[in-house]
Amino acid sequence: MNTRILVVDDDPTVSEVVARYLERDGHDVECVGDGVEALRRALADPPDLMVLDLMLPKIDGLQVCRKLRERWPVPVIMLTALGEEIDRVVGLETGADDYVVKPFSPRELALRVQSVLRRARGASVTGGTGVLRDGDLVVDVGAHEVRLRGDEVMLTAREFDLLTYLMRNPRQAFSRSALLNQVWGWSFGDSSTVTVHVRRLREKIEQDPTEPQRIVTVWGVGYRYEPTEGGT
């Protein structure tokens, strides 16, 4: 079965070029031009991935991503304008898995799509299977499932990869650039991406995200995972 991708952009030229490249890779592509229609289509029949422009008629990309995240963990790659760093950060905080800056290479976008889809299907950059346990936090790597105090925690593919990588390397401090390389597979990029994902993870797994006990900040370095008492 081919992968279904929903491309959301109000510029028909951009949509056409993106669709052509993705179809070359064997994906089934549907294009829509506004946020309301994108949300209607995605909620009625969730795609395997959404390529979502930030600036859209009726409902902007941030609202679409936020509303989608309330219902489904559909992977989202957001398209943002050149130089608008704050938009990229807000997009990641809203739940986007990745972003591509306009103007962009369609081939680069196609490669990002492949990367996000691999992670969403469980082919994590951290690899492997097994179960990671830390007190009431349980990560089933093979099932791509996280539970906290018995309740399932909904994570994006990037969040899952980051948590898994940190838990597999407890008490080891990593810089943001090191995490960007090891988890994202990027040799360069915006380190605020890591900061935003750490913040989102803390909101989902920490009892008090403002006083994190598991994913702690190492000042002047980056972050490390600190197992709770009794964690394994």
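Residue positions are counted from 1 within each chain, in the order its sequence is given. Residue-level local features of this predicted model are given only where pLDDT is at least 70; pairs of side-chain atoms are given and counted only at 80 or more, and the full residue set underlies all totals for whole chains, interfaces and linings. Side-chain metrics rest on all non-hydrogen atoms present in the structure, leaving aside hydrogens and water.

Description of the overall build of the protein
Per the convention used, a helix needs a DSSP run of H or I reaching at least four residues, while a strand needs a run of E reaching at least two, with both numbered from the N terminus. When its secondary structure is counted, the protein shows eight helices and 12 strands. Burial here depends on accessible area, computed with a 1.4 Å probe over protein chains only, as a share of the maximum for the residue type. Under 20% is buried, over 50% is exposed, and the range in between is partly exposed. Burial statistics for the protein: of 232 residues in total, 47% are counted as buried. Contact definition: two residues touch when any of their heavy atoms are within 4.5 Å. Considering only residue pairs separated by 6 or more positions, the protein has 57% of its internal contacts joining residues 24 or more positions apart. Values of accessible area rely on a 1.4 Å probe in the Shrake-Rupley scheme; residue burial ignores everything except the protein chains shown. Accessible surface, the protein: about 11,000 Å² in total, of which carbon and sulfur atoms supply 49%.

Here's the deal with the nonpolar core
Side-chain atoms within 4.5 Å are what join buried Ala, Val, Leu, Ile, Met, Phe, Trp, Tyr and Cys residues into a set we call a nonpolar core. In terms of nonpolar packing, the biggest core is built from 26 residues, with L137, V139, V146, L162, L163, L179 and I215 touching the most fellow members. Mapped onto this core, the elements with two or more residues apiece are β7 (137-140), β8 (145-148), α6 (157-168), α7 (176-184), α8 (192-205) and β12 (222-225). With six residues, the top contributor of residues to this core is α6. Sequence-distant contacts of V139, that is, excluding residues within four places in its chain, are made with G130, V131, L132, E145, V146, F160, L163, T164 and M167. Formed by 19 residues, the second largest nonpolar core is a distinct cluster that contains A38, L54, L56 and A96.

Regarding the environment of D25
Its place among the elements puts D25 in the loop between α1 (12-24) and β2 (28-32). Overall, the relative accessible area of 28% leaves D25 in the partly exposed class. Taking the C-alpha atoms as reference points, D25 and L111, 86 residues apart in sequence, are found 9.6 Å from one another. Residues within four places of D25 in sequence aside, it is in contact with R107, A110 and Q114.

Brief notes about unusual backbone geometry
A cis amide bond links K102 to the next residue, P103, at an omega of -10°. Relative to the helices and strands, P103 resides in the loop between β5 (98-102) and α5 (106-120). Of note in this structure, H144 is not a glycine but carries a positive phi near 55°. For H144, a relative accessible area of 23% corresponds to the partly exposed category. Even without a glycine there, the phi angle at R171 is positive, about 60°. Along the chain, the position of R171 falls in the loop between α6 and β10 (174-175). You can call R171 exposed: its relative accessible area is 55%.

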